[in-house]
Amino acid sequence: MKYPSNNEREKGDKNMSIQTVMVIGAGQMGAGIAQVCAQAGYNVKMNDREEEALQKGKAGIEKRLTKAVEKEKMTASDCDATMQRLSMTTNLAEANDCDLVIEAVVENMDVKKQVFTALDTHAPKHAILASNTSSLPITEIAAATNRPERVIGMHFMNPVPVMKLVEIIRGLQTSHETYQAIHDMTLKLAKTPVEVRDFPGFVSNRVLMPMINEAIYTVYEGVANPQAVDDVMKLGMNHPMGPLTLADFIGLDTCLSIMEVLHEGFGDSKYRPCPLLRQYVQAGWLGKKSGRGFYQYEG
Ligand SMILES: CC(=O)CC(=O)SCCNC(=O)CCNC(=O)[C@H](O)C(C)(C)COP(=O)(O)OP(=O)(O)OC[C@H]1O[C@@H](n2cnc3c(N)ncnc32)[C@H](O)[C@@H]1OP(=O)(O)O
Ligand SMILES: NC(=O)C1=CN([C@@H]2O[C@H](COP(=O)(O)OP(=O)(O)OC[C@H]3O[C@@H](n4cnc5c(N)ncnc54)[C@H](OP(=O)(O)O)[C@@H]3O)[C@@H](O)[C@H]2O)C=CC1
């Protein structure tokens, strides 16, 4: 096996100096990722299909930063500087001066492939294309581009500004330089990188999501109501949120997509999504973001 020499590594790292980042998808993950990147000093372009989604994402960031200033966790001038580093665009072609693009659109392989194919034409040759996917194969996403060596999984946890972990997933062809650049950037974001291999659900959701799915089965089978299930796991296992509150927080559509990826990827019936989860998603009960899931939410 040939490892790059120190010289080659230094050269590679210089080529991969990251200054300008585009984040695609201004939903709960994309907005959080854009926020932490801007706070760490990167110039950030937030992209979504709709202007309305961009404005909602920006308003969320402003609200969180204002709260941090009120709590004296950030100065007003740092808050202003962070907001100035953020810009919004519905035009993907504006990736043309970015060193890194982090995709955080819906958990659907066809949509992600379309985004990566388009990005491959717009982003400069040196740019790294990262996906925040929760479970989908990075190798397959990378194959939608002509630069698989510069495609990588950069999986942030929700809520992004709070959670320390970034799971970093190498696709089959991801280069050492790409991995190193994303590892180093994760540290600059004051987060902890953990490297995992490209298997369905990686580590985080291979372990977490079957627990959530099983919690949904206990409700489906009438073992207990959602509040009781959550109380058991919070008070008995010291989880900060019960699994059904967490499922609502993640988004039930995202939970279902992840279970489907695990089920199909491993071909093992132990990952079959609970019919109740499927039914809630069909009803448009997507959790906190739609106002209703296992619980109801105002505003
Ligand atoms: C699906 C995937 O692919 C992977 C995933 O992300 S799985 C999900 C992983 N995430 C989890 O498991 C989260 C579990 N829950 C928790 O850790 C906690 O409930 C929590 C951190 C979300 C909230 O903590 P809490 O102590 O109950 O609430 P609270 O005291 O209000 O907030 C603590 C801090 O978090 C911040 N916070 C809470 N919710 C937030 C949100 N949605 N966005 C940003 N910040 C938030 C608060 O502002 C507060 O910050 P300060 O300490 O700076 O004031
Ligand atoms: N929720 C979570 O806890 C976590 C999610 N993830 C992953 O992050 C990704 C995003 O999840 P999340 O933020 O929760 O989802 P959201 O539904 O909150 O946000 C997705 C955003 O992407 C937009 N979008 C969809 N397609 C495109 C496109 N082609 N171009 C630009 N924008 C697009 C959506 O717009 P519209 O509404 O118009 O469709 C929406 O604004 C998923 O891959 C998910 O698995 C990773 C870690 C945790």
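Rules of the game
- Residues numbered from 1 in each chain as written.
- Chains lettered and ligands numbered in written order.
- Predicted model: local features only at pLDDT ≥ 70, side-chain atom pairs only at ≥ 80, totals over all residues.
- Heavy atoms only, no water.
- UniProt positions renumbered as here; feature names shortened; annotations may be inferred.
- Helix = DSSP H or I, 4+ residues; strand = E, 2+ residues; numbered from the N terminus.
- Polar contact = N/O pair within 3.5 Å; in protein donor to acceptor, adjacent residues only side chain to side chain.
- Contact = heavy atoms within 4.5 Å.
- Near = heavy atom within 4 Å.
- Areas by Shrake-Rupley, 256 points an atom, 1.4 Å probe, with all protein chains shown as cover.
- Nonpolar A, V, L, I, M, F, W, Y, C, P; charged D, E, K, R; others polar.
- pLDDT = per-residue confidence, 0-100.
- Axes fitted to C-alpha atoms, helices over the stretch in contact; angles between N-to-C directions.
- Parallel < 35°, antiparallel > 145°, perpendicular 65-115°, else oblique.
- Salt bridge = Lys/Arg side-chain N within 4 Å of Asp/Glu carboxyl O.
- Buried < 20%, exposed > 50% of the residue type's maximum accessible area, 1.4 Å probe, protein only.

Per an unreviewed UniProt entry, the protein carries the name 3-hydroxybutyryl-CoA dehydrogenase and comes from Pontibacillus litoralis JSM 072002. Reading the Sequence similarities (unreviewed entry) entry of the UniProt record for the protein gives the comment "Belongs to the 3-hydroxyacyl-CoA dehydrogenase family." Recorded under Pathway (unreviewed entry), the UniProt text for the protein is reproduced unchanged: "Lipid metabolism; butanoate metabolism."

A. Structural detail: the side chain of Thr145. Among the secondary structure elements, Thr145 is positioned in the loop between α6 (138-142) and β6 (151-156). Looking at Thr145, its side chain comes within polar contact range of the main-chain nitrogen of Arg147, at 3.1 Å. For Thr145, the residues in contact, after removing those within four places along its chain, are Phe116, Asp120, Leu129 and Val151.

B. Focus on the site of ligand 1. Around ligand 1 there are 18 residues in total, and Lys71, Ser134, His155, Asn158 and Asn205 lie nearest to it. Interatomic distance of 2.4 Å between a side-chain N/O atom of Lys71 and an oxygen atom of ligand 1. Between ligand 1 and the protein, one listed contact pairs an oxygen atom with a side-chain N or O atom of Lys73 at 2.9 Å. Protein burial of ligand 1: of its 1000 Å² of free accessible surface, 62% is covered by the chains. Contributing elements (two or more residues each) for the shell around ligand 1: α3 (51-70), α8 (204-220) and α10 (243-250). By residue number, the principal contributor to the shell around ligand 1 is α10, which donates three residues. Residues belonging to the shell around ligand 1 are distributed by class as follows: ten nonpolar, four polar and four charged.

C. Quick look at the confidence of the model for the protein. Overall, the prediction assigns the protein a mean pLDDT of 95, with 95% of residues at 70 or greater. With pLDDT under 50 throughout, residues 1-15 is counted as low confidence; its partners more than four residues away or in other chains account for eleven contacts.

D. Fine view of the packing of α8 against helix α12 (residues 275-282). Put simply, α8 and α12 touch, their axes get as near as 8 Å, and they point 90 degrees apart. The orientation of α8 relative to α12 falls into the category roughly perpendicular. Contact residues: α8 offers Asn213, Ile216, Tyr217, Val219 and Tyr220, while α12 offers Pro275, Leu276 and Leu277. Residues that form the contact of α8 with α12 fall into these classes: seven nonpolar, one polar and no charged.

E. Local environment of the pattern of salt bridges. Under the criterion given, the structure shown has eight salt bridges. Lys45 is the partner of Asp97 in a salt bridge, and the nearest nitrogen-oxygen pair spans 2.8 Å. Of this pair, Asp97 sits in the loop between β3 (86-89) and β4 (100-103) while Lys45 sits in strand β2 (residues 43-47), and the two are 52 residues apart along the sequence. Overall, the relative accessible area of 42% leaves Asp97 in the partly exposed class. Since its relative accessible area comes to 12%, Lys45 is described here as buried.

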